[in-house]
Amino acid sequence: MTPRLVDIPALETERLRFRAPQASDFAVLEPFARSDRARYIGGGAEKDKRHAWNILTVLAGHWHLRGYGTFVAELKSTGQPIGSMGPWHPITWPERELGWTIWDASVEGTGLAHEAMLCLRRHAYQDLGWQTAVSYIDPANARSIALAKRLGCTLDSDALRNHPDNLVFRHPSPAEVLA
């Protein structure tokens, strides 16, 4: 028997379904985590298989410890996992984050991350009761900065950072999002 994470909300958008991380996601996550595309989340070509596995186990464990976590987004049309995204708050981070990582390069630039984050931000505010959220972004990550701006986030230079070099983008308030 394979235990499953329970009480994971059933969320979806027009093109995506969000679910708990599972061991089978490793087949898509590992190549990403060991590529240059993962440099903004601590991955990279010099990383090994263990590092990639640790990422997956941290994603799964966060659900157990916090009662919420980053979802794996999969295409509704195929069931193929494309990345991890959603609410996130490691214990050493000053604020709750809404984060996104696209594992599958073939879906970059298709609007899927934007579609996902609109849904997952609503979930954080409406279902989890968050009153604010940030996204911590490496200043060299132009794609994520562009997405944050497209989501209506603003640079918050006064906010505490999870890493000294990161930028902090503040999401619109629940009143603005849920109106």
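See the structure printed just above.
Residues numbered from 1 in each chain as written. Predicted model: local features only at pLDDT ≥ 70, side-chain atom pairs only at ≥ 80, totals over all residues. Heavy atoms only, no water.

## Focus: the nonpolar core
Phase 1: Phe 18, Ile 82, Met 85 and Trp 100 are the most contacted members of the largest nonpolar core, which totals 32 residues.
Phase 2: Listed by contribution, the elements that provide at least two residues to this core are strand 2 (16-19), strand 3 (71-75), strand 4 (81-88), strand 5 (97-102), helix 3 (112-126) and helix 4 (142-150).
Phase 3: In contact with Met 85, not counting residues within four places along its chain, are Phe 18, Thr 70, Phe 71, Ala 73, Gly 99, Trp 100, Thr 101, Ile 102, Ala 116, Met 117 and Leu 120.
Phase 4: If you look at the next biggest cluster of nonpolar residues, it comprises 18 residues, including Leu 29, Ala 38, Val 72 and Val 134. (Core = buried A, V, L, I, M, F, W, Y, C linked by side-chain atoms within 4.5 Å. Buried < 20%, exposed > 50% of the residue type's maximum accessible area, 1.4 Å probe, protein only. Helix = DSSP H or I, 4+ residues; strand = E, 2+ residues; numbered from the N terminus. Contact = heavy atoms within 4.5 Å.)

## Description of the environment of Ala 159
Phase 1: Within the secondary structure, Ala 159 sits in the loop between strand 7 (154-155) and strand 8 (167-170).
Phase 2: On the accessibility criterion, Ala 159 (9% relative accessible area) is buried.
Phase 3: Each C-alpha atom, one on Ala 159 and one on Ile 55, is 26 Å from the other, the two residues being 104 residues apart in sequence.
Phase 4: Setting aside residues up to four positions removed in sequence, Ala 159 forms contacts with Glu 95, Val 168 and Arg 170.

## A word on the pattern of salt bridges
Phase 1: By the definition in use, this model includes 12 salt bridges.
Phase 2: The partner of Glu 12 in a salt bridge is Lys 76, and the shortest N-O contact between them spans 3.0 Å. With Glu 12 in strand 1 (residues 11-12) and Lys 76 in the loop between strand 3 and strand 4, this pair connects stretches of sequence that are 64 residues apart.
Phase 3: Across the pair Glu 74 and Arg 17 runs a salt bridge, and its minimum N-O distance is 3.3 Å. Of the two residues, Glu 74 is situated in strand 3 and Arg 17 in strand 2; the sequence distance between them amounts to 57 residues.
Phase 4: Sharing partners across several salt bridges, the network here consists of Glu 12, Arg 17, Arg 19, Asp 25, Glu 74 and Lys 76. (Salt bridge = Lys/Arg side-chain N within 4 Å of Asp/Glu carboxyl O.)

## Thoughts on the side chain of His 62
Phase 1: Within the secondary structure, His 62 is located in helix 2 (residues 49-66).
Phase 2: A distance of 2.9 Å separates a polar side-chain atom of His 62 from the backbone oxygen of Tyr 68.
Phase 3: Non-local contacts of His 62, meaning those with residues more than four positions away in its chain, are made with Gly 67, Tyr 68, Gly 69, Pro 87, Trp 88, His 89 and Pro 90. (Polar contact = N/O pair within 3.5 Å; in protein donor to acceptor, adjacent residues only side chain to side chain.)

## Description of the side chain of His 89
Phase 1: Structurally, the position occupied by His 89 is in the loop between strand 4 and strand 5.
Phase 2: On the basis of relative accessibility, which here comes to 15%, the residue His 89 falls in the buried class.
Phase 3: Engagement of the side chain of His 89 in a polar contact is seen with the backbone oxygen of Trp 93, the distance being 3.0 Å.
Phase 4: Apart from residues no more than four positions distant in its own chain, His 89 is found in contact with His 62, Arg 66, Tyr 68, Pro 94, Glu 95 and Arg 96.

## Focus: the environment of Thr 154
Phase 1: Among the secondary structure elements, Thr 154 is positioned in strand 7.
Phase 2: Sequence separation between Thr 154 and Ile 82 is 72 residues; the distance between their C-alpha atoms is 26 Å.
Phase 3: Excluding residues that lie within four positions of it along the chain, Thr 154 makes contacts with Val 168, Phe 169 and Arg 170.

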